[in-house]
Amino acid sequence: MYQVPSRGNTGFKRKWRLTGALLLSGAFTVLSAQQKAPSYPLITHDSYFSIWSASDQLNESTTRHWTGAEQSLVGIIQVDDRFYRFLGKTPLSYKDVLATTQHQPYSARYTFEKPLGDWASAAYNDMRWTAGQAPFGDNSHDAKTAWKSEDIWMRRSFEADPSTLGDAPVLLSIRHDDNVEVYLNGKEIFQKEGWTEKYIKPALSVDVRSLLKKGKNVLAIHCANTKGGAYLDAGLVQAVSQDVIKAVQPAEQTDVTVKATQTVYQFKAGNVGLSVQFVSPLLLDRMDILSRPVSYIDYQVKVLDGKAHRIKLYLGVSSDIAVDQPSEQVIAFRKNERGLSFLKTGTTAQAILQKKGDNVRINWGYFYVGAKQSASLKQYISKSGIEGVSSFLNGTSTEAPSMQGKGLSLNTVQDLGQVSSNASTYIELAYDERFSVQFFHENLRPWWNKDGKHTIEEQLLNAADDHDQVISLCNRFDQSLRDSALKAGGEKYARLLELAYRQSIAAHGIVKSPKGELLFMSKENFSNGSINTVDITYPSSPLYLLYNPDLLKGMMNGIFYYSESGKWKKPFPAHDLGTYPLANGQTYGEDMPVEEAGNMVILTAAIATVEGNADYAAKHWKELTTWTNYLVEQGMDPTNQLCTDDFAGHLARNANLSVKAIEAVGAYGKLAGMLGKSDIAEKYGRTAKQMADKWQQMAGAGDHYTLTFGGPAKSWSQKYNMIWDKMLGINAFPESVAAKELAFYKTKQLRFGLPLDSRKTYTKSDWILWTASMAKTRSDFEFFIDPVYKFATETPDRVPLSDWYETTDAHQVGFQARSVVGGFYMRLLEKQLLNN
């Protein structure tokens with residue numbers, strides 16, 4: 001689902017790319033063509049511990065959290081006396097000329113009434129304006145001075161001496177919401193319509209440095225709050241020189257592939273080949289490995305010229321991985337325990353589970369960089385990424401056991417010595433959240449430490465001991481998944497599944513409920529940040545039905561509990577359990593009665609079909625009965641309400657939503673039959689068929705079926721909910737209905753896919769994959785999924801795979817990094833259930 005964001009709440013304009021994986025064993029291999037993707041997953045565990053590369057070349061951009069915030073990983077290989085960067089880019093760092101509140105509090109003059117005269121000039125008398133602490137805004141959690149009017153004018157006086165500044169340009173640093181115009185000493189230096197969610201340093205056409213005067217200066221700003229949130233904070237900065245690392249040249253990337261559990265890059269660094277393998281072992285049938293928040297970076301080097309070379313590997317990791325905002329203070333430690341050497345960092349505040357929302361990062365718990373202790377391993381902490389790289393280049397480093405600051409760097413050097421043929425090593429990255437989510441006001445630990453008796457150091461050691469076995473398991477699983485996908489849908493389908501796998505899983509957290517049940521809690525990424533949204537569970541379900549139905553139950557257990565405990569009293573399920581990571585009750589502003597009731601009943605039947613028994617349904621029979629009876633009464637011809645495609649707005653008499661209700665009623669009948677309730681099975685099976693007969697009359701429009709009952713004959717929509725009719729053996733609709741729809745869809749497909757319906761040209765990729773899976777022939781299936789693959793490899797928006805995009809130009813409309821891409825696995829599930 002999607003909630004239109006309030007201003008300053010979330011954003012869509014992020015740009016990145018993704019791909020397939022190759023593990024080097026033996027000879028160094030170069031492939032002729034590199035795969036393309038929107039963004040490349042590197043570290044993927046949950047919605048907080050999730051790092052991606054935003055460019056086709058791994059060393060062309062700074063690595064990022066899926067939200068777009070920089071979380072820098074920098075990798076350098078030293079070959080004899082030469083240095084080659086293969087991973088990331090050292091982020092630019094800045095020194096304050098005039099600090100924002102990120103680094104220092106300040107007071108400024110402001111007014112909410114339009115001033116007379118030249119209010120932006122340095123000579124203007126602002127003594128009648130009010131003095132207040134920045135930042136200014138309408139949110140008491142972020143702002144020091146309340147701003148709730150439409151406009152604000154702010155003047156900030158400061159002293160400067162341009163002669164003390166270096167040659168680098170002076171830049172504006174600003175966060176504003178909404179429209180802004182900025183002046184320095186009366187000269188306009190920046191203006192923009194719209195808002196920013198974070199501090200930006202925009203390119204300016206004005207030489208700010210030349211406008212600075214020795215003595216008093218004035219930064220004057222007018223900001224207009226047109227709607228939604230309000231925020232204003234601004235200062236001036238100057239980039240710190242990176243001349244010290246000019247000795248590092250980029251390694252030549254020769255290949256990149258992405259498989260289900262790993263992304264592998266290949267490079268040429270002088271006369272040495274380097275394979276860098278990022279492995280997040282999300283093996284769905286191994287809860288011990290799946291829940292362990294440890295990823296590996298494996299290195300394999302091969303000498304290409306037959307000569308011995310001295311080789312060292314450097315990895316620098318920013319402490320920003322453990323903060324929500326770069327301005328947060330962190331502390332870092334260097335330790336050795338039980339043969340494990342590790343670096344550890346986290347915020348000094350440790351505000352556990354105090355921050356909720358969509359576009360946010362974790363700022364509690366601790367991030368770790370670990371490796372088995374050895375004489376060839378060196379780890380150190382530095383004040384910045386540049387300082388960390390400089391120390392590696394110069395062979396010097398601090399031996400400080402701990403350090404406090406902002407934007408620290410955790411640095412690891414692995415000396416492979418003289419290499420004449422092959423060598424390999426690896427490093428571990430891990431995150432200990434301490435507590436993952438709050439479930440009805442009780443803080444829950446992550447699954448791997450559900451009893452509170454384990455430590456992350458223990459997990460790092462276990463992961464080191466298991467390394468070879470885990471890599472082998474990942475390789476086998478990746479190949480098995482690929483083989484199945486190739487057989488079911490071809491090469492492009494296989495690649496789409498590889499792109500979707502880690503993304504879907506890593507949008508969840510795994511915990512144990514107070515009742516002892518598994519909870520697999522989704523976050524509705526870049527939508528509204530809801531936790532455990534039912535209509536996010538529904539589209540993502542095929543992946544989990546295939547590989548571990550217990551995880552699908554883990555998405556449903558909390559929703560069942562919400563109703564069965566009496567906390568939710570309506571005759572249909574809740575939409576969500578709250579806003580991630582606080583699952584204390586629904587926070588979405590409106591119910592989706594038919595949508596969520598249909599989802600829960602259908603998914604319960606799908607679990608029973610996969611498992612071959614209805615035990616899970618029996619456990620929740622009372623709620624399933626209540627919800628199904630609601631659908632019988634209200635689902636045939638739905639009133640004006642939202643469905644999972646709520647970004648398209650309210651819709652009355654929604655024909656596809658009616659299909660969902662019909663399938664759910666039939667699914668309930670199937671469950672009753674599996675439980676030996678033959679009279680109930682017969683009753684609801686008959687009811688579903690009667691509803692389906694009526695549906696065909698109400699939605700029929702000749703060569704297709706309409707978007708809404710009684711709507712325009714030319715209207716249409718993807719009837720993706722009908723996929724369950726044959727898969728679950730409901731058989732409420734004759735096969736001719738789906739065949740007619742698919743034939744009609746062929747006339748509506750555009751360059752990058754089939755639109756969602758006749759109202760707009762945008763689409764949802766997960767629903768296309770469901771719709772395509774109703775196709776009888778391989779050629780028809782590929783007809784619908786080929787444009788989705790084209791979107792995934794050609795979209796200009798460099799973000800983790802978006803599921804909501806334009807079919808005309810492949811631009812992201814909204815959403816990214818969401819779990820719903822688990823729905824891509826529908827074709828595989830269909831093949832398994834129907835044995836074809």
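S.K.: So what about the overall build of the protein? Which residues, and what values?
M.R.: Helices and strands together make up the secondary structure of the protein, namely 18 helices and 39 strands. Per-residue burial for the protein yields a buried fraction of 64% across its 836 residues. Taking the intrachain contacts of the protein between residues at least 6 apart in sequence as the baseline, contacts between residues at least 24 apart amount to 73%. If you sum the accessible surface of the protein, you get close to 29,600 Å²; carbon and sulfur atoms cover 47% of it. Taking the average location of the 92 positive side-chain charges in the protein and that of its 90 negative ones, the two points are 1 Å from each other.

S.K.: Which residues make up the packing of helix H5 (residues 467–489) against helix H17 (residues 778–794), and what are the values?
M.R.: For the pair H5 and H17, the least separation of the axes is 9 Å and the interaxial angle reads 105 degrees. By the angle class used here, H5 and H17 are roughly perpendicular. Mapping the contact onto sequence places Leu486, Lys487, Ala488 and Gly489 in H5 and Arg778, Phe781 and Glu782 in H17. Residue composition of the contact of H5 with H17, by class: three nonpolar, one polar and three charged.

S.K.: So what about the sheet that holds strand E25 (residues 366–372)? Which residues, and what values?
M.R.: Read across the sheet, nine strands follow the order E18-E19-E20-E21-E29-E25-E24-E23-E27 without closing on themselves; strand pairing throughout is antiparallel. Each edge of the open sheet carries a strand with a single partner, namely strand E18 (252–258) and strand E27 (402–405). Strand-to-strand twist of the sheet, defined as the mean angle between neighbouring strand axes without regard to direction, takes the value 15 degrees. Sitting on the sheet, helix H4 (residues 456–465) is in contact with strand E21 (294–303), strand E23 (330–337), strand E24 (340–347), E25 and strand E29 (422–432), with an inclination near 155 degrees to E29.

S.K.: Can you explain the packing of aromatic side chains? Please cite residues and give values.
M.R.: For the structure on display, the rule yields 52 aromatic pairs. Between Phe572 and Tyr630 the ring centres are 5.3 Å apart and the planes differ by 55 degrees, which places this aromatic pair in the tilted class. On the criterion of sequence distance, the pair formed by Phe572 in the loop between helix H8 (549–564) and strand E35 (578–579) and Tyr630 in helix H11 (residues 621–634) is long-range, its members being 58 residues apart. By the burial criterion, Phe572 is buried, and Tyr630 matches it.

S.K.: A description of H5 should follow, citing residues and the corresponding values.
M.R.: Here H5 contains 23 residues, and its C-alpha end-to-end distance of 32 Å stays within 8% of the 33 Å for a straight helix at 1.5 Å per residue. Along H5, the residues that are buried comprise His467, Val470, Ile471, Leu473, Cys474, Phe477, Asp478, Leu481, Arg482, Ala485, Ala488 and Gly489. Phi turns positive one or two residues past the end of H5, at Gly490, with a value near 95 degrees.

S.K.: So what's going on with the confidence of the model for the protein? Which residues, and what values?
M.R.: When pLDDT is averaged across the protein, the result is 94; 96% of the residues are at 70 or more. When the criterion is pLDDT under 50, residues 1–32 qualifies, and its contacts beyond four places in sequence or with other chains add up to 159 contacts.

S.K.: Explain the side chain of Asn185 to me, and be specific about the residues and the numbers.
M.R.: Mapped onto the secondary structure, Asn185 falls in the loop between strand E13 (179–184) and strand E14 (187–192). Under the relative-accessibility criterion, Asn185 is labelled buried at 19%. Reaching out from Asn185, the side chain makes a polar contact with the side chain of Asn217 at a distance of 2.8 Å. Those residues within four positions of Asn185 in sequence are excluded, and the remaining contacts are Ala120, Ala122, Leu211, Leu212, Lys213, Asn217 and Val218.

S.K.: Account for unusual backbone geometry, with residues named and values stated.
M.R.: In this structure, the amide linkage connecting Ala134 to the following residue, Pro135, adopts the cis form with an omega of 0 degrees. Tracing the backbone through its elements, the reader meets Pro135 in the loop between strand E8 (130–133) and strand E9 (136–137). Residue Asp178 is reached from Asp177 by a cis peptide bond, and omega for that bond is 20 degrees. In this structure, Asp178 sits in the loop between strand E12 (170–177) and E13. We note that Phe440 has phi near 45 degrees; this positive angle belongs to a residue other than glycine.

S.K.: An account of the pairing of E13 is requested, with residue identities and associated values reported.
M.R.: The pairing of E13 with strand E15 (residues 215–224) spans six bridges and is classified as antiparallel. When the sheet's bridge partners are listed, Tyr183 is paired in E15 with Ala220.

S.K.: Summarise the nonpolar core; cite the residues concerned and give the values.
M.R.: Ile77, Phe86, Phe367, Tyr501, Trp695, Trp724 and Tyr825 are the most contacted members of the largest nonpolar core, which has 211 residues in total. If one sorts the elements of this core by residue count, helix H12 (residues 655–674) sits on top with eleven residues. If near-sequence neighbours (up to four positions away) are discounted, Phe367 is found in contact with Phe49, Val317, Ile321, Ala322, Leu343, Lys344, Thr345, Leu410, Leu429, Ala430 and Tyr431. Listed in part, the 30 residues of the second largest apolar core include Tyr106, Val208, Leu219 and Ile221.

S.K.: Talk me through the sheet that holds strand E1 (residues 40–44); I want residue IDs and the actual numbers.
M.R.: Across a sheet, strands are paired by hydrogen bonds formed along the backbone, either parallel or antiparallel in direction. The strand order E1-E2-E3 describes an open sheet built from three strands, whose pairing is antiparallel. Strands with a single pairing partner mark the edges of an open sheet, and in this sheet they are E1 and strand E3 (64–65). Sheet topology places E1 next to strand E2 (residues 50–53); four bridges connect them, and they run antiparallel. Among the inter-strand pairings, Ile43 is bridged to a residue of E2, identified as Ile51.

S.K.: For the environment of Gly589, give the residues involved together with the corresponding values.
M.R.: Structurally, Gly589 is set in the loop between strand E36 (582–583) and helix H9 (593–611). In sequence terms Gly589 and Asn528 are 61 residues apart; their C-alpha atoms lie 11 Å from each other.

S.K.: Help me get a handle on the packing of helix H16 (residues 765–772) against H17, residues and values and all.
M.R.: With their axes 9 Å apart at the nearest point, H16 and H17 run at an angle of 165 degrees to one another. Comparing their axes, H17 and H16 come out roughly antiparallel. For the pair H16 and H17, the crossing hand works out as left-handed. The residues of H17 that touch H16, namely those facing Ser765, Ile768, Leu769 and Ala772, are Phe781, Phe784, Ile785 and Val788. The residue makeup of the contact of H16 with H17, split by class, is seven nonpolar, one polar and no charged.

So, how was this worked out
Residues numbered from 1 in each chain as written. Predicted model: local features only at pLDDT ≥ 70, side-chain atom pairs only at ≥ 80, totals over all residues. Heavy atoms only, no water. Helix = DSSP H or I, 4+ residues; strand = E, 2+ residues; numbered from the N terminus. Buried < 20%, exposed > 50% of the residue type's maximum accessible area, 1.4 Å probe, protein only. Contact = heavy atoms within 4.5 Å. Areas by Shrake-Rupley, 256 points an atom, 1.4 Å probe, with all protein chains shown as cover. Lys, Arg positive; Asp, Glu negative; His and termini not counted. Charge placed at Lys NZ, Arg CZ, Asp CG, Glu CD. Axes fitted to C-alpha atoms, helices over the stretch in contact; angles between N-to-C directions. Parallel < 35°, antiparallel > 145°, perpendicular 65-115°, else oblique. Nonpolar A, V, L, I, M, F, W, Y, C, P; charged D, E, K, R; others polar. Pairing = 2+ DSSP bridges. Phe/Tyr/Trp six-rings, centres within 6.5 Å; stacked < 30°, edge-to-face > 60°. Expected span 1.5 Å × (residues − 1). pLDDT = per-residue confidence, 0-100. Polar contact = N/O pair within 3.5 Å; in protein donor to acceptor, adjacent residues only side chain to side chain. Core = buried A, V, L, I, M, F, W, Y, C linked by side-chain atoms within 4.5 Å. Left-handed = near helix turned anticlockwise from the far one by under 90°.

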